[in-house]
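# Reading the structure
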Amino acid sequence: MSYQVLARKYRPANFQELEGQEHVLRALVNALDNDRLHHAYLFTGTRGVGKTTIARILAKCLNCEEGVSAKPCGECSTCVEIAEGRSVDLIEVDAASRTKVEDTRELLDNVQYMPTRNRFKVYLIDEVQMLSNHSFNALLKTLEEPPEHVKFLLATTDPKKLPVTVLSRCLQFNLKNLSAERVVKYLRKVLTAEDVAFEESALWQLGRAADGSMRDALSLTDQAISFGNNSVNDEDVKTMLGSIDHREMYHMINCLIEKDAGALLDKISALAEFAPDYTMLLSELLSVLHRVAVAQAVPDSVDNSQGDQELVLAVAESMSREDVQLFYQIGLIGQRDLPFSPEPRTGFEMIVLRMLAFTPSSLSTGEVQDIADLKKKTATLEKSDNKVADVIASLDKKTENKEKASNIDRPDQSEQVELQTSEDQSVSRSSELQDTAETAETEETEDPEFDPSEVSADSSAIPVDSGPESAEDAAELEPKNWVKILPKLGLTGVTLSLASNCVLRSVTGPDCQLVLNEHHASLWNNAHETRIGSALSRMFGTELKVSVTIGQPEAATPAEVDALNQQKAHARAVELIENDEKVKQIVESFDGRLERETIAARQKKTGD
Ligand SMILES: [Zn+2]
């Protein structure tokens, strides 16, 4: 008897022999046993997962002379004819080669005729997505009103290309890719039956190379048997596939764990002899790292579907989670950059060397512990309403950023880690303007040593009235009280802005003289004068008349006082942060620097 290829010889004859796809088989078996048959079935999945095999078995189930059942006898003439591909009532069409509408029409014209010998006329259309639109229309007509004696079994690798009208009239089954573990198990069975010697590791190579397709796996095994002269061994399969063995990845990862750059480069030059696809190599490395990360998070979830369960668990134990994440991230970014490298091999070498270069070994566990402590302390500080808490809370966020930066994606070690301004800081900075005067005053009483003249010689020249504030002070309409009166006037918008650039020069009876700083007078008009006048009248319960002259105010305007207080608050915040021991420690540990302009004194909450 002539040699029959394994894929054909070991094609399953019934559902029990079929490897995998249990979810589909269960549905089919139940339908057959309960006699709830649909008139059209669609099997989807990649090549070689068993679409047409299942369809042929289903045809046997439908037409077996012993009766419709999930277990066709396999011996009656119908079963034998179907197995040998010569049943008159099983019409197999490969749509890839019959796309013309005439062909399909001719095919479907015969639908109305009763089956020649069997119960059903079964149409098995493979690669159905290849039919032309006209063919689909012809098919659709039949699917809409199918004769009792007809069953359609459609198979496709690409169901997205099918018209929805066809899809909706079929019972759809998605076939899964077979895991390498499953393929290896089956190959073991086949090779034992064939009496071919084999090495387990060779089977895993074949199983992975088959990429989920049993047919590919069996074809490759056929090839390996002839290549190895009736045996399947590791070396031969490796040479035959021209692929990099999965285990090489673990050797490489081991070099990374041991931080042995020399061994790592030796490994790569050994691999280079196989002229590997470095992009694939990197993907393999990433997929191993992914499995390791999963193993670290959920050790029980690691299966042996790739035949490397033990290795994955071993690596998971000997690597820190941070390292795994770091290597993965570097590899991922490397994948993007690999096409830009002058040579794929040098690009790949740079990526793995980068993994070594950025291993955060310099960061001792003690320091990490310190930072964790700092966070806890910071949290308690915030609760205890310490004023440092306000300014340091924002730093807490930055600490996290820095940790990430140093662990995962630090672009350049020599570069200083820059603290980023978070959005909420800038928002709070602008919103706090209105209230800074109060904040600064409170802070000043708390810290008598603070000298505003240190802030800026220029602005300290302006006399600032920052004495204790009370309702009575504000109630007296005197030039020195203008700074306190203004916020209580209830002015808004441009009027408020203009008024805060004024000083109250004199009050004579009902006449109030204001001087508007000439540098801020561009928006001035008389309407604002009236508005300020009526606001003052309302506040003091008497008719007051305001006249504004534009010039050089003799004293500090509320706007200037505000700006100065803000400066003071900022200087105070900077001072507190710079002198904080923990902050100093962080800056030192991470070789960082403080960006002063990102520090903002927070607005005191009402009721504080
Ligand atoms: Zn039969």
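This is a predicted model, so every value here is computed, not measured. (Residues numbered from 1 in each chain as written. Predicted model: local features only at pLDDT ≥ 70, side-chain atom pairs only at ≥ 80, totals over all residues. Heavy atoms only, no water.)

### Concerning the coordination of the zinc ion
Each protein donor to the zinc ion is listed here as C64 (SG), C73 (SG), C76 (SG) and C79 (SG); together their distances run 2.2 to 2.3 Å. What the 4 donor atoms of the zinc ion show is an angle range of 102 to 121° at the metal, which sorts the shape as tetrahedral. Considered as a linear motif, the donors of the zinc ion on their single chain read C-x8-C-x2-C-x2-C. (Donors = N, O, S within 2.8 Å, 3.2 Å for Na, K, Ca; no water. Tetrahedral: all angles 85-135°; square planar, octahedral: opposite > 155°, others 65-115°.)

### Some thoughts on helix α17 (residues 344–357)
Since there are 3.6 residues in each turn of an α-helix, residues three or four apart along the chain are aligned in direction. Between its first and last C-alpha atoms α17 spans 20 Å; for 14 residues at 1.5 Å apiece the expected length is 20 Å, and the two agree. Considering only its buried residues, α17 is in contact with α12 (246–257), α13 (261–272), α14 (278–297) and α16 (321–337). (Helix = DSSP H or I, 4+ residues; strand = E, 2+ residues; numbered from the N terminus. Expected span 1.5 Å × (residues − 1). Contact = heavy atoms within 4.5 Å.)

### As for the side chain of D222
Tracing the backbone through its elements, the reader meets D222 in helix α10 (residues 214–227). Within the buried core, D222 has no salt-bridge partner, and the shortest N-O distance to an opposite charge, that of K9, equals 8.8 Å. Those residues within four positions of D222 in sequence are excluded, and the remaining contacts are Y3, V5, L6 and A7. (Buried < 20%, exposed > 50% of the residue type's maximum accessible area, 1.4 Å probe, protein only. Lys, Arg positive; Asp, Glu negative; His and termini not counted. Salt bridge = Lys/Arg side-chain N within 4 Å of Asp/Glu carboxyl O.)

### Quick look at the nonpolar core
Residues L285, F348, V352 and M355 are the most contacted members of the largest nonpolar core, which totals 34 residues. Contributing elements (two or more residues each) for this core: α12, α13, α14, α15 (309–318), α16 and α17. Among the elements that line this core, the one with the most residues is α14, at 8 residues. Sequence-distant contacts of L285, defined by excluding residues within four places in its chain, comprise M249, I253, V352 and M355. (Core = buried A, V, L, I, M, F, W, Y, C linked by side-chain atoms within 4.5 Å.)

### With respect to the sheet that holds strand β10 (residues 545–551)
Strand order in the open sheet formed by 3 strands is β8-β9-β10, with mixed pairing between adjacent strands. Where the open sheet ends on each side, the last strands, each with one partner, are β8 (502–508) and β10. Mean inter-strand twist for the sheet, computed between neighbouring axes without regard to direction, equals 25°. Strand direction decides the pairing type here: strand β9 (residues 511–517) and β10, joined by 7 bridges, are parallel. Within β10, the position partnered with L514 by the bridge is V548. Packed on one face of the sheet, helix α26 (residues 526–540) meets β9 and β10 and runs near 135° to β10. (Pairing = 2+ DSSP bridges. Axes fitted to C-alpha atoms, helices over the stretch in contact; angles between N-to-C directions.)

Honestly, that's just the spatial picture; any functional story needs more than this.
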